[in-house]
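# Understanding the architecture of this molecule
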Amino acid sequence: MLRILVFIGLLGLNSAFSSPRPFLRSSTLLASTSEKKAADSGIGWDSHKAVSSAPASLVREGDGPDGNFPMRAKFEAMCREAQLKITKQIEEIDGGAKFQEDCWTRANGGGGMSRVMANGKVFEKAGVNLSVVYGSMPQEALQAATERGVDRAAGMAPGERVPFFACGLSSVMHPRNPHCPTMHFNYRYFETDGGVWWFGGGTDITPCYVDEEDMKHFHGTYKKVCDNHDEKFYPEFKAWADRYFVISHRNETRGLGGIFFDDLNDRDPDKIFAFSTEALNSVVDAYGPIIDRHKDDPFTEDEKIWQQIRRGRYVEFNLVYDRGTIFGLKTGGRIESILMSLPQTTRFEYDHRPEEGSREWDFLQACKHAREWV
């Protein structure tokens, strides 16, 4: 504390004996640079306007790059319907708290609706966010948004911004009980200038302990969904999730996977839309029974501590690697919605190592070596 105070004092002395003009020029330069970027992109940290209720549709014909307007409108309508359905079902499972809705729009088109629950009987925090975005982004943001970002900007000059449209529904749910897993999903549709389009998304689960029955139910639900559209989907998308949700600096996954896909445009868009729709509408079927089974399980203080430590890993992944978070931060998204995924409470312990042979150790082994559940 003494060193901090001394350091602050030295900063104060330095300010007192130096001209403020360089700082003012730097601040002005930063502000003007930030404003220019926002103007270039059409979006920025303060470009959203709160509204009491969202318009009937956030997708407007003629906004954004030329593209498939019917698919944009259809995908948004599907996401809005799913948002209302899922939040209603989660409220019923919780039996106490209700979702609070915030709506916003942007002058250049688009906007969103965030529905967030906090301090429930079952869920400490849960959110389901709809976002419709028009604008332009730097090519590095496109790289962050998709595995084939370089291909998506093919033919563009270095430094040239990429006009885009994006619509998606995303969610994270953090239960109180350490025997109830955290769940995340995101389903999205992208277009960039020149008629390039693709779908992405998935649903994944992050428990604190291995429960074979739970994992068979969760993965089994999504295997059935995948098989309804292409029998190659589940093995491919399950393996993709195991690769994607890796905390590289710890050589472990965030949780026990699910399905994940990106850059999907290898067939008629209506067929991919049908798959995305069924996958999104299967979220509560896959997750709800697991919560019902464990929400009243007794737990110890040590088990709660372990949950908090695993939530720390969740935070690490989301802030360092998650494409949605990175894309939102690089394109000036609404910060409260971007960081909605973070848990209310977490814990970071120095060099924590679970005892070999313990349930915590077994879970960590499952995060280091992917397992097949169905």
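Our subject in this report is the structure included herewith. Because the structure is a prediction, the values reported are computed rather than measured.

### A few points about the overall build of the chain
When you go through the chain residue by residue, the secondary structure sums to 13 helices and 10 strands. Burial analysis of the chain (374 residues in total) assigns 51% to the buried set. About 18,100 Å² of surface is accessible on the chain, with carbon and sulfur atoms providing 54% of the total.

### Brief notes about the state of the cysteines
Enumeration according to the criterion identifies 0 disulfides in this entry. For cysteine 208, which is in no disulfide, the shortest distance to another cysteine sulfur is to cysteine 367 and amounts to 9.6 Å. For cysteine 208, a relative accessible area of 7% puts it in the buried group.

### Concerning the nonpolar core
Core analysis: the largest hydrophobic core is formed by 74 residues, its most contacted members being Ile86, Phe123 and Phe199. Top element by residues in this core is helix H3 (residues 69-94). It accounts for 8 residues. Counting residues in each nonpolar core, the second largest holds 9 residues, with Val133, Met137, Val162 and Ala166 among its members.

### Some details on the sheet that holds strand S4 (residues 123-137)
The sheet built from 8 strands is open, its strands ordered S1-S2-S3-S4-S5-S6-S7-S10 with antiparallel pairing. Here the strands that pair on one side only, and so sit at the sheet edges, are strand S1 (48-51) and strand S10 (258-264). Within the sheet, the average angular offset between the axes of one strand and its neighbour, ignoring direction, is 15°. Across 14 bridges, S4 lies against strand S5 (residues 162-175) in antiparallel orientation. Across the sheet, residue valine 133 finds its bridge partner in S5, namely alanine 166. On top of the sheet, helix H9 (residues 283-294) reaches S4, S5, strand S6 (182-192) and strand S7 (196-206); it is set at about 165° to S6, its chief contact.

### A word on empty space enclosed by the protein
Counted under the stated rule, the structure contains 4 cavities of 30 Å³ or more. Taken as a whole, the largest cavity holds about 790 Å³ of empty space. Considering the residues around the largest cavity, the lining is formed by 41 residues, among which Ser170, Asn186, Gly324, Thr325 and Phe327 are closest to the centre. The set of elements that each furnish at least two residues to the lining of the largest cavity consists of strand S2 (100-106), S4, S5, S6, S7, helix H11 (323-330) and helix H12 (335-338).

### Overview of the side chain of glutamate 316
Inspection of the secondary structure puts glutamate 316 in helix H10 (residues 301-320). For glutamate 316, the side chain forms a polar contact with the side chain of histidine 249, separated by 2.7 Å. Looking at glutamate 316, its side chain comes within polar contact range of the side chain of arginine 250, at 2.8 Å. The residues touching glutamate 316, leaving out its near neighbours within four places in the chain, are Ile247, His249, Arg250, Tyr321 and Phe348.

Conventions used here
- Residues numbered from 1 in each chain as written.
- Predicted model: local features only at pLDDT ≥ 70, side-chain atom pairs only at ≥ 80, totals over all residues.
- Heavy atoms only, no water.
- Helix = DSSP H or I, 4+ residues; strand = E, 2+ residues; numbered from the N terminus.
- Buried < 20%, exposed > 50% of the residue type's maximum accessible area, 1.4 Å probe, protein only.
- Areas by Shrake-Rupley, 256 points an atom, 1.4 Å probe, with all protein chains shown as cover.
- Disulfide = S-S within 2.5 Å.
- Core = buried A, V, L, I, M, F, W, Y, C linked by side-chain atoms within 4.5 Å.
- Pairing = 2+ DSSP bridges.
- Axes fitted to C-alpha atoms, helices over the stretch in contact; angles between N-to-C directions.
- Contact = heavy atoms within 4.5 Å.
- 1 Å grid on protein atoms, 1.4 Å probe; cavity = no way out; pocket = protein on both sides within 12 Å on 5 of 7 lines; lining within 4 Å.
- Points joined across faces, edges and corners; volume = space filled by probe spheres on them.
- Polar contact = N/O pair within 3.5 Å; in protein donor to acceptor, adjacent residues only side chain to side chain.

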